[in-house]
Amino acid sequence: MIKSADSILLIRDRLWYVVPVARRKRQEAEIEQSRTLILESAARIFAEKGFQASSMAAIAKEAGYTAPTLYTYFKAKADIYFELVDLVVSSISNVYQEHEPPGMSFAQRLELLLLRQFKVIDEQSDTFAFFLTLSARGEAGPVDVRDRDRHTTEALSLRQQMTNWLDKNLQGSEFADLPTDLVEIYIQGVTLGFASRWAEGDRKEPMAKSISVVVTLLIGGLEGLLKQRSGEAAS
């Protein structure tokens, strides 16, 4: 009887610990799902109306919540904005961490990198469309100076990752003699142009579908830059 009683007490003590933990994990998962839903809804509203013209009430309606409920997840529209910024930065940053098969040419590695980035854009099309068309709308995000500084820091982080990727992959390639910053400016200019055109259109065609055209243009342009610099050096 004593052993049986001890077992019952042990089971009871474990249940007192396990049940609250399980409930807490379930609540955390539900909160995360709600935040994701709100962010996706906000991205659609921002992409449609722009940041300044969007309201918390409109975001709440899109997400299927009341405005007071929305404020329990995000205190202000700016908080949603920078949560989306963080999402964009982390998604693109993760691409740079993915494995690259050995033995690939620079053109093949560049195509793989951009294809992965384009797929991320397609998966989060509303979010990326909003940010890509932000300047085209003639508006900015949150006006607080600290917010602008944070936005600048995030942008510089992505640029540094691209610089690091080019420093590594240009070595030993046919474009090794081109300055990294020149290659970076050219690649960003071309890809941003394609992405902006996609964002301002109806977005029926996925970005990933344009990868062959983008890479062909990029490699052709880099070959032209290389010839130009070779000619300048010869003269």
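For the structure itself, look to the data block above.
Reading guide: rules and limits
- Residues numbered from 1 in each chain as written.
- Predicted model: local features only at pLDDT ≥ 70, side-chain atom pairs only at ≥ 80, totals over all residues.
- Heavy atoms only, no water.
- Salt bridge = Lys/Arg side-chain N within 4 Å of Asp/Glu carboxyl O.
- Helix = DSSP H or I, 4+ residues; strand = E, 2+ residues; numbered from the N terminus.
- Buried < 20%, exposed > 50% of the residue type's maximum accessible area, 1.4 Å probe, protein only.
- Phe/Tyr/Trp six-rings, centres within 6.5 Å; stacked < 30°, edge-to-face > 60°.

With that settled, the discussion passes to the pattern of salt bridges. Tallied over the entire structure, the rule returns six salt bridges. Two residues, Arg-116 and Glu-98, come together in a salt bridge whose shortest N-O distance is 3.2 Å. Linking Arg-116 in helix α5 (residues 106–123) with Glu-98 in the loop between α4 (77–96) and α5, this pair joins segments that are 18 residues apart in sequence. Glu-98 sits in the partly exposed class, given a relative accessible area of 37%. Between Arg-159 and Glu-184 there is a salt bridge, with the nearest N and O atoms lying 3.2 Å from each other. One end of the pair, Arg-159, is in helix α7 (residues 145–170); the other, Glu-184, is in helix α8 (residues 180–200), with 25 residues separating them in the sequence. Given a relative accessible area of 44%, Arg-159 falls into the partly exposed group.

What follows deals with the packing of aromatic side chains. Scanning the model with the defined rule gives 10 aromatic pairs in all. Taking 6.0 Å as the distance between ring centres and 85° as the angle between the ring planes, the aromatic pair formed by Tyr-81 and Phe-130 counts as edge-to-face. Of this pair, Tyr-81 sits in helix α4 while Phe-130 sits in helix α6 (residues 125–133), placing them 49 residues apart in sequence. Owing to a relative accessible area of 0%, Phe-130 belongs among the buried residues under this scheme. Between Phe-106 and Phe-175 the ring centres are 5.7 Å apart and the planes differ by 70°, which places this aromatic pair in the edge-to-face class. Taken together, the residues span a long stretch of sequence, with Phe-106 in helix α5 and Phe-175 in the loop between α7 and α8 at a distance of 69 residues.

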